Amino acid sequence: MRTNIPKSAVLGMILVGSVGISGCATKGFVRSQIATVNERIDGIDGRVRTVEGTSGQALAAAQAAAGQAQQNSQRIDQLGGRVDGLDQQMQAQQRRQQRRPRG
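The following paragraphs examine the structure supplied in this document. (Residues numbered from 1 in each chain as written. Predicted model: local features only at pLDDT ≥ 70, side-chain atom pairs only at ≥ 80, totals over all residues. Heavy atoms only, no water.)

## Points about the overall build of the protein
In step 1: Within the protein, the secondary structure is distributed over two helices and zero strands.
In step 2: Within the span of the protein, comprising 103 residues, buried residues form 0% of the whole.
In step 3: Only carbon and sulfur atoms are counted for the fraction: they give 58% of the accessible area of the protein, which is about 9,800 Å². (Helix = DSSP H or I, 4+ residues; strand = E, 2+ residues; numbered from the N terminus. Buried < 20%, exposed > 50% of the residue type's maximum accessible area, 1.4 Å probe, protein only. Areas by Shrake-Rupley, 256 points an atom, 1.4 Å probe, with all protein chains shown as cover.)

What follows is the structure, given as C-alpha cells:
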C-alpha cells in the first residue's frame with residue numbers, strides 16, 4: 001500500500017528536520033566561542049587594571065597638588081598681613097616726618 005503524501009509535504013518535513021538538526025551547536029563549537037570571548041575579556045580586564053593604576057596615580061598627584069596649593073594660599077595670606085602692617089608703619093613714619101619742621 002502506497003500512501004499519497006504530496007511531494008511538497010515531504011519536502012517541507014525534510015526542510016524542517018534539517019533546520020532543526022543544524023540549529024543545534026556542538027559542545028566543541030560552543031567551547032571555542034566561549035574561549036574567544038574569554039580571551040577578549042582577559043585583554044580588556046588587563047587594560048582596565050592599567051587604567052585603574054594610572055588613574056590612582058593621577059588622583060594622588062592631584063590631591064598632593066591641592067594640598068600644596070592650600071599651603072601656598074595660607075602663606076600668601078600671612079605675607080599679605082605682614083605687608084599691610086609694614087605699609088601702615090611706613091605711612092605713619094612719613095606722617096611724622098612731615099610734621100617735624102625742618103631746620
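Having put the structure on the table, let's press on.
## Re the pattern of salt bridges
In step 1: Inspection of the entire model under this criterion finds one salt bridge.
In step 2: Arg-49 serves as the salt-bridge partner of Asp-45, at 3.1 Å between the closest nitrogen and oxygen. Of the two residues, Asp-45 and Arg-49 are both situated in helix α2 (residues 27-99); the distance of four residues between them amounts to about one turn of the helix.
In step 3: Asp-45 gets classed as partly exposed once you look at its relative accessible area, which sits at 33%.
In step 4: Classification of Arg-49 as exposed rests on a relative accessible area of 58%. (Salt bridge = Lys/Arg side-chain N within 4 Å of Asp/Glu carboxyl O.)

## What to know about a positive patch on the surface
In step 1: A cluster of basic residues, Arg-95, Arg-96, Arg-99 and Arg-100, forms a positive patch on the protein surface.
In step 2: Topologically, Arg-95 is positioned in helix α2. (Patch = residues over 30% accessible without salt bridge, like charges linked within 9 Å, V, L, I, M, F, W, Y side chains within 5 Å. Lys, Arg positive; Asp, Glu negative; His and termini not counted. Charge placed at Lys NZ, Arg CZ, Asp CG, Glu CD.)

## Let's talk about a nonpolar patch on the surface
In step 1: A surface patch of nonpolar side chains, amounting to about 380 Å² of accessible area, comprises Ile-5, Val-10, Met-13 and Ile-14.
In step 2: Along the chain, Met-13 falls in helix α1 (residues 7-22).

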